[in-house]
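# Results of the structural survey
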Amino acid sequence: MSLFFPHPILAIETSCDETAAAVLHGTTIKSNIIASQIDLHNKYGGVIPELAAREHVQAILPVIESALAQAETDDIHAIAVTNRPGLIGALSVGFSAAKALAFSKKIPLIAVHHIEGHIVSPWANRPESDPVTYPNITLVVSGGHTELVLCRGLGDYTILAETLDDAAGEAFDKGARLLGLGYPGGKAIQEAAVSGNPKRYSLPRALPKNLEKFSFSGLKTAMRRLVELEGPKISIPDAAASLQQAIVDSLYKKVIQTAEEHNTSTICLVGGVSANKLLRETLKQECNKRDFSFFVPEFEFCTDNAAMIGLAGSFRLQKGETSDFQTDCYPQAIIPGTI
Ligand code: KG4
Ligand code: ZN
């Protein structure tokens, strides 16, 4: 039997600053529409929750209509939607739209954990005959999360490591802000780093021997000191390249060591920071050296999107799960009252 729901699904994601809708059939992504609010939040150097929610209200119906139009279908058999974790006002917009559509079309609704969406994102457009392999060690690196997850199969996860303080994406974003490169910072740092020397400035790699914890707050402080110390003579490309290298080093070594400790020869890289070319290349090379399999989503499925939410909803529907209309959305990862 197929691992994924064998009929078209509409998926909706509004947990932060992207209004996104997608249509998928099995693992084939028929459309993946993303209305980004970056220009709006860029002025403030970060996401303003109330503005994000208002923008989602404006964008949600046109984005859903575009996803259906591009997929050239109205024949939707279920709706998958992010219900946690995220900005509560933002989540509520997508979740209410999903409930209303599922109710009016009398089709199942499935509520999805945003991070589970990232975890299954390497399945996007991958045929089931050439599957993501399990067990694997998945590195989740986004704006809010830095985790190493042992995935034994779809829906079967153990968190092996997490961050003590900032997420890897935040380290990029805060570094970019210090260097005056705007928000979100990951892509800006990557672009500035192209012509930079990653060895020019020495920055810390925290907790190199602790496989259960990441930490990026020391790096942020070191960046602030560097900017203060160097003043206007700082080389932006060299500082960006040094920061990027420090983040990549702090991540990839722990991933490889953790896979070796768990006798696992498959590594997955997911979340917004998985769009980082240096991180992708470094992990790919390290995997090649060891004959490990390496899975990473195509670029369009790295940062927040609805296709990945559809994939997570899809395998859950296929297992027989649905969410009833009492289901709510939550800012935190764990639903209150559950374990
Ligand atoms: O997964 P995501 O889109 O949203 C959350 O769930 O948080 O991740 C956003 C994060 C931001 O911190 C952004 O700076 C980072 O992903 N990011 C990158 C790149 N593209 C996005 N970081 C490094 N290099 C990139 N190319
Ligand atoms: Zn995300």
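Before any of the text, the structure's been laid out above.
Below is a short write-up of the structure. (Residues numbered from 1 in each chain as written. Chains lettered and ligands numbered in written order. Predicted model: local features only at pLDDT ≥ 70, side-chain atom pairs only at ≥ 80, totals over all residues. Heavy atoms only, no water.)

## Focus on helix H6 (residues 185-193)
In an α-helix there are 3.6 residues to a turn, and that puts residues three or four apart on one side. Buried residues of H6: Gly185, Ala188, Ile189, Gln190, Ala192 and Ala193, and no others. Check the buried side of H6 and you find it contacts helix H5 (168-178), helix H8 (236-261) and helix H9 (277-290). (Buried < 20%, exposed > 50% of the residue type's maximum accessible area, 1.4 Å probe, protein only. Helix = DSSP H or I, 4+ residues; strand = E, 2+ residues; numbered from the N terminus. Contact = heavy atoms within 4.5 Å.)

## Here we look at the coordination of the zinc ion (ligand 2)
The zinc ion (ligand 2) binds to the protein through His114 (NE2), His118 (NE2) and Asp304 (OD), with metal-donor distances spanning 2.0 to 2.1 Å. The sequence pattern formed by the donor residues of the zinc ion (ligand 2) is H-x3-H-x185-D. Placement of His118 in helix H4 (residues 114-120) and of Asp304 in the loop between strand E11 (293-295) and helix H10 (307-318) is noted, with a sequence separation of 186 residues between them. Note on His118: relative accessible area 1%, which makes it buried. (Donors = N, O, S within 2.8 Å, 3.2 Å for Na, K, Ca; no water.)

## What about the site of ligand 1?
Neighbouring residues of ligand 1: 19 residues in total, closest Gly143, Asp173, Gly186, Gly272 and Asp304. One of the side-chain nitrogen or oxygen atoms of His114 is found 3.1 Å away from an oxygen atom of ligand 1. The side chain of His118 places a nitrogen or oxygen atom 3.0 Å from an oxygen atom of ligand 1. Contact with the protein chains removes 88% of the 560 Å² of surface that ligand 1 exposes when unbound. Secondary structure elements with two or more residues in the shell around ligand 1: H4, H5 and H6. A per-element tally of the shell around ligand 1 places H6 first, with 4 residues. Of the residues that constitute the shell around ligand 1, the class distribution is 4 nonpolar, 12 polar and 3 charged. (Near = heavy atom within 4 Å. Polar contact = N/O pair within 3.5 Å; in protein donor to acceptor, adjacent residues only side chain to side chain. Areas by Shrake-Rupley, 256 points an atom, 1.4 Å probe, with all protein chains shown as cover. Nonpolar A, V, L, I, M, F, W, Y, C, P; charged D, E, K, R; others polar.)

## Notes on the sheet that holds E11
Strand pairing in a sheet relies on backbone hydrogen bonds. The paired strands run either parallel or antiparallel. The strand order E9-E8-E7-E6-E10-E11 describes an open sheet built from 6 strands, whose pairing is mixed. Where the open sheet ends on each side, the last strands, each with one partner, are strand E9 (213-214) and E11. Bridge count for strand E7 (residues 146-153) against strand E8 (residues 156-163) is 6 bridges, and the pairing is antiparallel. Each bridged residue has a counterpart across the sheet, and for Leu148 the counterpart in E8 is Ala161. (Pairing = 2+ DSSP bridges.)

## As for the packing of H5 against helix H7 (residues 217-230)
The N-to-C vectors of H5 and H7 enclose an angle of 10°; their axes lie 10 Å apart at closest approach. Considering the angle they form, H5 stands roughly parallel to H7. Of the residues in H7, those in contact with Lys174, Gly175 and Leu178 of H5 are Lys220, Met223, Arg224 and Val227. Of the residues belonging to the contact of H5 with H7, the class tally is 3 nonpolar, 1 polar and 3 charged. (Axes fitted to C-alpha atoms, helices over the stretch in contact; angles between N-to-C directions. Parallel < 35°, antiparallel > 145°, perpendicular 65-115°, else oblique.)

## What about the side chain of Asn305?
Position of Asn305 relative to the elements: it lies in the loop between E11 and H10. Separated by 3.2 Å, the side chain of Asn305 and the backbone oxygen of Phe301 make a polar contact. Within polar-contact distance, the side chain of Asn305 engages the backbone oxygen of Thr303 at 2.9 Å. Aside from chain neighbours lying at most four places away, what touches Asn305 is Glu13, Ala20, Asn32, Ile34 and Glu300.

## What about the packing of aromatic side chains?
Under the criterion given, the structure shown has 2 aromatic pairs. Each ring, one from Phe103 and one from Phe325, has its centre 5.7 Å from the other, and the planes form 85°; the classification is edge-to-face. Linking Phe103 in helix H3 (residues 88-105) with Phe325 in the segment after H10, this pair joins segments that are 222 residues apart in sequence. Taking the ring centre of Phe214 as reference, the NZ or CZ of Lys254 above it sits at 5.4 Å. A cation over a ring is seen here: Arg280 above Phe299, with NZ or CZ 4.0 Å from the ring centre. (Phe/Tyr/Trp six-rings, centres within 6.5 Å; stacked < 30°, edge-to-face > 60°. Lys NZ or Arg CZ within 6 Å of the ring centre and 35° of its normal.)

## Points about the sheet that holds strand E4 (residues 78-84)
Read across the open sheet, the 5 strands follow the order E3-E2-E1-E4-E5; overall the sheet is mixed. Lying at the two open borders of the sheet, with one neighbouring strand each, are strand E3 (28-36) and strand E5 (109-113). Neighbouring strand axes in the sheet, compared pairwise and without regard to direction, differ in orientation by 20° on average. Here strand E2 (residues 18-25) runs beside E3; their pairing, made up of 8 bridges, is antiparallel. By the bridge assignment, Thr19 is partnered in E3 with Ala35. Contacts from helix H2 (residues 49-71) reach strand E1 (8-13), E2 and E3 within the one sheet, and its direction differs from that of E2 by about 25°.

## Some remarks on the nonpolar core
In terms of nonpolar packing, the biggest core is built from 44 residues, with Leu139, Ile247, Leu251 and Leu283 touching the most fellow members. The greatest single-element share of this core, amounting to 12 residues, is contributed by H8. Counting 28 residues, the second largest nonpolar core, distinct from the first, contains Ala11, Ile29, Val132 and Leu311. (Core = buried A, V, L, I, M, F, W, Y, C linked by side-chain atoms within 4.5 Å.)

## A look at the environment of Leu91
The residue Leu91 is located in helix H3 in this model. Residue classification places Leu91 among the buried positions, given a relative accessible area of 0%. The spatial distance from the C-alpha of Leu91 to the C-alpha of Cys16 is 7.5 Å, given a sequence separation of 75 residues. Excluding residues that lie within four positions of it along the chain, Leu91 makes contacts with Thr14, Ser15, Thr82, Asn83, Arg84, Pro85, Gly86, Cys329 and Tyr330.

## A short note on the pattern of salt bridges
Under the counting rule described, the total for this entry stands at 13 salt bridges. Of the charged contacts in the structure, one is a salt bridge between Arg316 and Glu116, with a shortest N-O distance of 2.7 Å. Residue Arg316 is found in helix H10, and its partner Glu116 is found in helix H4; the two are separated by 200 residues along the sequence. Salt bridges sharing partners connect three or more residues here, namely Asp166, Glu170, Lys174 and Lys220. (Salt bridge = Lys/Arg side-chain N within 4 Å of Asp/Glu carboxyl O.)

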